[in-house]
Amino acid sequence: MSEHDRSVLGEEYSHKISEEFDSQDAAERCLESLESLGVSREQVQVIQPNDPGMERKVEPETQGIARSLVQAHVRFGLVGLVIGLVVAALMVTLGPELTRSSPVLTFIALGFLFSVLALLIAGAVSLRPDHDIVIEKARMAKDDGRWTVVAHCDSIEQQKLAKTAMGNSVQTL
């Protein structure tokens, strides 16, 4: 993951990929294949049928997710505020008469509007709805008595390696 992604997301392994298997042997073969391609054992979780710790194996970085929430909202909110103030300055100097006659209200309104919009975007980024696909897929496999291998990758390149190791019918994020 690039330093920029990590500064916004706060997770060490923000890319996930998973695959279900009918047997423990098949899941272990996948695990060995992942290790042979350079995905460390610490980055891979195996979820067995009726595994009580499934949630922790699919989303092990709860502190990283919390950090993502805070970092994304602070950074996006500040950027939104700055953009709103710049737009307000342009509107006050070059805009219609209404904005030029009420510069304070223009700065307040646009600063608030752009901040709120940026905070909404930060919420969408930090909640990671893309993880729901892998979580639901692992839950269904667990309930059906199947094994799931989840690889937590630190970059898109590593995710591509994991996809190669797991085969073509994998779920990626």
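Residues numbered from 1 in each chain as written. Predicted model: local features only at pLDDT ≥ 70, side-chain atom pairs only at ≥ 80, totals over all residues. Heavy atoms only, no water.

J.: Could you clarify how one ought to interpret the side chain of Thr99 in this entry?
T.: Mapped onto the elements of the fold, Thr99 is located in helix α5 (residues 97-101). For Thr99, the side chain forms a polar contact with the main-chain oxygen of Pro96, separated by 2.8 Å. Residues contacting Thr99, with those up to four places away along its chain left out, are Met91, Val92 and Thr106. (Helix = DSSP H or I, 4+ residues; strand = E, 2+ residues; numbered from the N terminus. Polar contact = N/O pair within 3.5 Å; in protein donor to acceptor, adjacent residues only side chain to side chain. Contact = heavy atoms within 4.5 Å.)

J.: Just checking my understanding: could you explain a negative patch on the surface for this structure?
T.: Judged by side-chain charge, Asp25, Glu28, Glu32, Glu35 and Glu42 come together as a negatively charged surface patch. Note on placement: Glu35 falls in helix α2 (residues 24-36). Judged by its relative accessible area of 38%, Glu35 falls in the partly exposed class. (Patch = residues over 30% accessible without salt bridge, like charges linked within 9 Å, V, L, I, M, F, W, Y side chains within 5 Å. Areas by Shrake-Rupley, 256 points an atom, 1.4 Å probe, with all protein chains shown as cover. Salt bridge = Lys/Arg side-chain N within 4 Å of Asp/Glu carboxyl O. Lys, Arg positive; Asp, Glu negative; His and termini not counted. Charge placed at Lys NZ, Arg CZ, Asp CG, Glu CD. Buried < 20%, exposed > 50% of the residue type's maximum accessible area, 1.4 Å probe, protein only.)

J.: What's the story with a nonpolar patch on the surface in this structure? I'm lost.
T.: A surface patch of nonpolar side chains, about 680 Å² in accessible area, is lined by Leu69, Val70, Val74, Leu78, Leu81, Leu85, Phe107 and Leu127. The leading source of residues in the nonpolar patch is helix α4 (residues 62-94), at 6 residues. Mapped onto the elements of the fold, Phe107 is located in helix α6 (residues 103-127).

J.: Whenever I open this one, helix α8 (residues 156-166) confuses me. Can you help?
T.: In an α-helix there are 3.6 residues to a turn, and that puts residues three or four apart on one side. Within α8, the full set of buried residues consists of Gln158, Gln159, Ala162, Ala165 and Met166. Across the axial projection of α8, the buried residues extend over an arc of 115°, all falling on one side. Exposed side of α8, more than 90 degrees from the buried face: Glu157, Lys160 and Thr164 are the residues found there. Where α8 ends, the next residue or the one after it, Gly167, has phi of about 115°, a positive value. (Arc of directions from axis to C-beta.)

J.: Please explain the nonpolar core as it appears in this structure.
T.: Generally speaking, soluble globular proteins have nonpolar side chains that are buried together. Counting 17 residues, the largest nonpolar core has Phe21, Leu34, Val44, Val149, Ala151, Ala162 and Met166 as the members making the most contacts within it. Going through the elements one at a time, β1 (15-21), α2, β2 (44-47), β3 (147-153) and α8 are the ones with two or more residues in this core. No other element matches the 5 residues that α2 contributes to this core. Filtering out sequence-adjacent residues up to four positions away, Ala151 remains in contact with His15, Lys16, Ile17, Leu34, Gln43, Val44, Ala162 and Met166. Counting residues in hydrophobic clusters, the runner-up holds 6 residues, among them Ile47, Met54, Val58 and Ala138. (Core = buried A, V, L, I, M, F, W, Y, C linked by side-chain atoms within 4.5 Å.)

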